[in-house]
Amino acid sequence: MGMEGIGQRVVRKEDKRFITGKGKYTDDVKLVGMTHAHFVRSPHAHAKVVSIDSAAALAMPGVIAVLTGAELVADRIGNLICGWMVHSKDGSPMKMGAYPAMAPETVRYVGQAVAVVIAETKNQARDAAEAVAVEYEELPAATTVAAALAPDAPQLHPEAAGNRVYEWSIGDKAATEAAFSGAAHVVSMDITNNRLVPNPMEPRSAVANYDSGDDALTLWTTSQNPHVARLVLSAFYNIAPEHKLRVIAPDVGGGFGSKIYIYPEEIVCLWAARKVNRPIKWTSDRTEAFLTDAHGRDHISKAEMAFDADHKILGLRVHTYANFGAYMSLFSSSVPTYLYATLLSGQYVIPAIYAEVDGVYTNTVPVDAYRGAGRPEATYLLERMMETAARQFGLDPTDLRRKNFITSFPYQTPVIMTYDAGDYNASLDAALKAVDYAGFPARKAAAAARGKLRGIGFSCYIEACGIAPSKAVGSLGAGVGLWESAEVRVNPVGTVEVLTGSHSHGQGHETTFAQLISERLGIGIDQVSIVHGDTDKVQFGMGTYGSRSGAVGMSAIVKAMDKVEAKARKIAAHLMEAAEGDIVIEGGEFKVAGTDKKMPFALVALAAYTGHNLPDGMEPGLKEGAFYDPTNFTFPAGTYVCEVEIDADTGKTEVVNFVAADDFGRMINPMIVEGQVHGGLAQGIGQALLEGTVYSDDGQLMTASYMDYCMPRADDLPSFDLHHTTTLCPGNPLGIKGCGEAGAIGSPPAVINAITDAIGHNDMSMPATPAKVWAAIHGRAAAE
Amino acid sequence: MTTVSMTVNGRQVSADVEDRTLLVDYLRNAINLTGTHVGCDTSQCGACVVHVDGRAVKSCTMLAVQASGSAVTTIEGLATGDELHPVQAAFREHHGLQCGFCTPGMIMTAVDMIRRHGGQLDEATVRHELEGNICRCTGYHNIVKAILDAAAKMQMPAAAE
């Protein structure tokens, strides 16, 4: 293992540009003749667009065009698609209403665009947008699942009767009913998973350029998957054929799921750039981001768990209502179904599971995947139930979990997934040791002496990463394959370029992917560059989400490297007149085992390109590509323990200790892995304590800025105590499981379980604001 | 339009801008220094922090004309040639950044924090004084470590205010 190889805490190559202000984000792009777009957005949650009068705006300084939804439809720009078909339990396909990039007739959420102003400067576009006179006829709105399912609810789309998108189910209903009828104990809970706004710090942005000479378009955009954006823009939105559209996702300032999707603004800017024959830039302001970025979570569930007399789980029954917002977003249909209900077995042997999920339209921003996507919702539900059950039974919550852990692998759950490897007792042991569980009663007493309520809460999570295989997800309705591609190009001087279809927006691929090459070839990471995020450079890829870059993206690089190395060995053997099997790669040199013959890798590379002395019949050059389709998801798991102290006078909760013990399989760069966990924990603790998206009954977003939506700040969080156990993933060549979502998945139940432990009863919802916690302590109805 | 002149990173600059132009837009658009970022509309996130006459300022909260005649330092002006400022180096060493978008503002805030407190910083103070800067990636854990380490290494006396 080299100093920069696998397992080393190598500082990041990409940091240099970020810490010196030389990062290149989409809003930093400037083109000659560039104009600026500002969208005219609906102030109503539900309304008919009666008329749009652009005359006054068009007369204002610098204004080039005002374009409306009607013109978009006239130009046959396609409606936004949902890429995963889910069928209801009666076999019927999900019911979807049309989702135009700008609304020509009806707006269904506050912030939906109806027109766009193109002007010479950003301020001119903004000023003119104010002057576009839109007449609306307001309609009644429904912002919650309950309101949308009420008998007299306003109907959002004619295609979806009763605002129901689907009524889906998974598992064995009869077996589950039987489990409950034979149960000694049944634990029931109503559980809400609060709606969140992803809030990457870089707001979404798009720069569109039309080259009339080549009849070609280029889009710089804040995307997690530029190739999928190009494919969808070409295949479904009628923007341009794929070979005439280049999509570049340069430095992207965080995504967390919200930048997976193709948004209306990207479609409109491309369409408009061709229409006005000028480059166009649009950059979201933060309130626009709150109003238009896909939101996350928003589940309401009724859950019941059946146990036998010995407290072994017999069955789980769940009915979940998922709020989809006003339209189906790109992957939204899969989040509360195949990414959620398939994880409802958690770390436990649950012989029978039956889950029903009703997807519902409401007059709110479309909801889609947000860090974890379905797995946090499943984990929150299960881990709240396990803790509550333990208290109901008078058992230690860790004992109840151990009694029900899956201990033999592979393990087939009743809800599709086959867990390949894990050791759940090991992570629980590691967490308990780190947190000094035995010392908790003394810490609680000491806190009480200081007038504080101290509680401890657990969460034993599992997640499914590297969503896969293509064949399996295809059979479940996915419209895309979930493989990844890579190409390894060795230059004649021995430096290496790796082209990957995954995308880095903070995950450090430029370093970790280079570490893999360093490990294989014994060269320094500075000899390696990672190319990603540009459809003109990389042939195709599926981008980054669901912790797929390591497990799937790096596996594709391994496959390409295997080919490169095999050819390089042949060349080296030929040059040194040795047997191929005797070639050993060590410290950047190709050596002949048992002799002092050796040559540096750079000379092998040079020989490949000079081509003067290669084995007979060998093609010159050293460049190989590969596509890798995984055989299964990967299953990271772990135990999180949270200790809180609550001020009973104010209801304020302080997280005083947070221990995470994760099993991510092999870690390429533990420093980067730990950073991913830290960030996930902050988002999960944020969800548990601070973050909540609030709509008024008539559909106004009340939390549409950082003045109103409580983002976790440095003072809200502790330093984290991280530990690792390791079972390698048997399904990919590196044994990687993935780490990106773990923190956000595992932490919310640990925090809420700790609060309920402190206050002495189980009734607490997220976010556990001081007002709610105070009310829970003092027995008053919480002001929502 | 008004002609706004100032010293940015030691260089005299001048540009004609609308009176309503914010300092951040002046830096990013009029003089092409795009290291300073815009992350919100309400002066909450701190991605736009620069130094005006040596003090940390949210450049989305100040008009360009208000900064006219001042000495402004942006993230691009912090390193000395190829030598990183100790705070920049500490952020890299401690993995205090991921997507890098909040990082310029974080670093400028941290430099001013260390200027005011010298080597006397503790974790509680750092966390409290970072409240004006939001990071969505790192959970702050490594940012706090980086600032404490940089403060210790710089061993500065606290500035007299």
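In what follows, the structure referred to is the one given above.
Residues numbered from 1 in each chain as written. Chains lettered and ligands numbered in written order. Predicted model: local features only at pLDDT ≥ 70, side-chain atom pairs only at ≥ 80, totals over all residues. Heavy atoms only, no water.

(A) Local environment of the nonpolar core. Counting residues in hydrophobic clusters, the biggest one holds 215 residues, and the most contacted among them are Leu233(A), Ile239(A), Phe658(A), Ile755(A), Phe91(B) and Ile147(B). Filtering out sequence-adjacent residues up to four positions away, Phe658(A) remains in contact with Tyr640(A), Val641(A), Cys642(A), Leu681(A), Ile685(A), Pro718(A), Phe720(A), Asp721(A), Ser747(A), Ala750(A) and Val751(A). By size, the runner-up hydrophobic cluster in this structure holds 48 residues, among which are Ile6(A), Ala556(A), Ala560(A) and Phe601(A). (Core = buried A, V, L, I, M, F, W, Y, C linked by side-chain atoms within 4.5 Å. Buried < 20%, exposed > 50% of the residue type's maximum accessible area, 1.4 Å probe, protein only. Contact = heavy atoms within 4.5 Å.)

(B) Quick peek at the sheet that holds strand S5 (residues 71–73) of chain B. Residue and element names in this part refer to chain B. Taken in spatial order, the five strands line up as S2-S1-S5-S3-S4 in an open sheet, and their pairing is mixed. Each end of this open sheet is capped by a strand with a single partner; those strands are strand S2 (11–17) and strand S4 (55–58). Strand-to-strand twist across the sheet, computed as the mean angle between neighbouring axes with direction ignored, equals 40°. When strand S3 (residues 49–52) meets S5, the two strands line up antiparallel, connected through two bridges. In the strand pairing of S5, His 51 is matched with Thr 73. Lying over the sheet, helix H1 (residues 23–30) contacts strand S1 (2–8), S2, S3 and S5, oriented at roughly 100° with respect to S2. Taken strand by strand, helix H3 (residues 103–117) contacts S3, S4 and S5, and its axis lies near 45° from that of S3. (Pairing = 2+ DSSP bridges. Helix = DSSP H or I, 4+ residues; strand = E, 2+ residues; numbered from the N terminus. Axes fitted to C-alpha atoms, helices over the stretch in contact; angles between N-to-C directions.)

(C) View of the packing of aromatic side chains. All names here are of chain A. Under the criterion given, the structure shown has 26 aromatic pairs over all chains. Ring plane angle 70° and centroid distance 6.2 Å describe the contact between Tyr 261 and Tyr 263, whose orientation is recorded as edge-to-face. Classification of Tyr 261 by relative accessible area gives buried; the value is 3%. We classify Tyr 263 as buried; its relative accessible area is 5%. Relative to Phe 540, the ring of Trp 483 lies with its centre 5.9 Å away and its plane at 50°, an arrangement referred to as tilted. Linking Trp 483 in the loop between helix H14 (470–475) and strand S19 (484–490) with Phe 540 in the loop between strand S21 (528–531) and helix H16 (548–575), this pair joins segments that are 57 residues apart in sequence. One aromatic cluster is present, formed by Tyr 348, Phe 405, Phe 409 and Tyr 424 through successive ring pairs. The ring of Phe 18 carries the charged tip of Arg 17 above its face, separated from the ring centre by 4.8 Å. Over the ring of Tyr 263 we find Arg 204, and its NZ or CZ is 3.6 Å from the ring centre. (Phe/Tyr/Trp six-rings, centres within 6.5 Å; stacked < 30°, edge-to-face > 60°. Lys NZ or Arg CZ within 6 Å of the ring centre and 35° of its normal.)

(D) The arrangement of the environment of Glu14(A) in detail. All names here are of chain A. Mapped onto the secondary structure, Glu 14 falls in the segment before helix H1 (15–19). With 202 residues separating them along the chain, Glu 14 and Ala 216 place their C-alpha atoms 31 Å apart. Sequence-distant contacts of Glu 14, that is, excluding residues within four places in its chain, are made with Gly 508, His 509, Glu 510 and Thr 511.

(E) Summary view of the side chain of Arg713(A). Mapped onto the elements of the fold, Arg713(A) is located in the loop between helix H18 (670–689) and strand S28 (721–724). In this structure the side chain of Arg713(A) is engaged in a polar contact, spanning 3.0 Å, whose partner is the side chain of Gln44(B). (Polar contact = N/O pair within 3.5 Å; in protein donor to acceptor, adjacent residues only side chain to side chain.)

(F) A look at the sheet that holds strand S1 (residues 35–41) of chain A. Residue and element names in this part refer to chain A. Taken together, the seven strands give an open sheet; going across it, the order is S3-S5-S1-S12-S9-S10-S11, and neighbouring strands pair in mixed fashion. Two strands bound the open sheet, and with one partner strand each, they are strand S3 (63–68) and strand S11 (245–248). Taking the axes of each pair of neighbouring strands and ignoring which way they run, one obtains an average angle of 20° across the sheet. As judged from the six bridges shared by S1 and strand S5 (residues 113–119), these two strands associate in the antiparallel manner. Bridging across to S5, Val 40 finds its partner in Ala 115. The strands touched by helix H4 (residues 122–131) within the sheet are S1, S3, S5 and strand S12 (280–283), with S1 carrying the most contacts at an inclination of about 25°. Of the strands in this sheet, strand S10 (216–221) and S11 touch helix H7 (residues 226–235), which is tilted by about 150° from S11.

(G) Layout of the pairing of strand S9 (residues 205–211) of chain A. All names here are of chain A. Of all seven residues in S9, five are buried; the element is thus mostly enclosed. Across four bridges, S9 lies against S12 in antiparallel orientation. Paired with Ala 208 across the bridge in S12 is Ile 280. Two strands pair when backbone bridges link them, and S9 and S10 are joined in this way by six bridges, in the antiparallel orientation. Its bridge partner lying in S10, Val 207 is registered against Trp 220. Between the end of S9 and the start of S10, which pair antiparallel, lie four residues, with Asp 215 showing a positive phi angle near 50°.

(H) Main features of the interface of chain B and chain A. With 47 residues of chain B in contact, the opposing surface of chain A contributes 53 residues. Of the roughly 4,300 Å² buried at the junction of chain B and chain A (both faces included), carbon and sulfur atoms supply 53%. Inspection of the region where chain B meets chain A yields four salt bridges. Residues Glu691(A) and Arg136(B) are paired through a salt bridge, measuring 2.8 Å at the closest nitrogen-oxygen approach. The tally of links between chain B and chain A comes to 33 residue pairs in polar contact (both at pLDDT 80 or more). Tallying contributions element by element places helix H2 (residues 86–93) of chain B first for the side of chain B that touches chain A, with four residues. A breakdown of the residues in the side of chain B that touches chain A according to their chemical character gives 17 nonpolar, 19 polar and 11 charged. (Buried area = accessible area lost by both parts, 1.4 Å probe. Salt bridge = Lys/Arg side-chain N within 4 Å of Asp/Glu carboxyl O. Nonpolar A, V, L, I, M, F, W, Y, C, P; charged D, E, K, R; others polar.)

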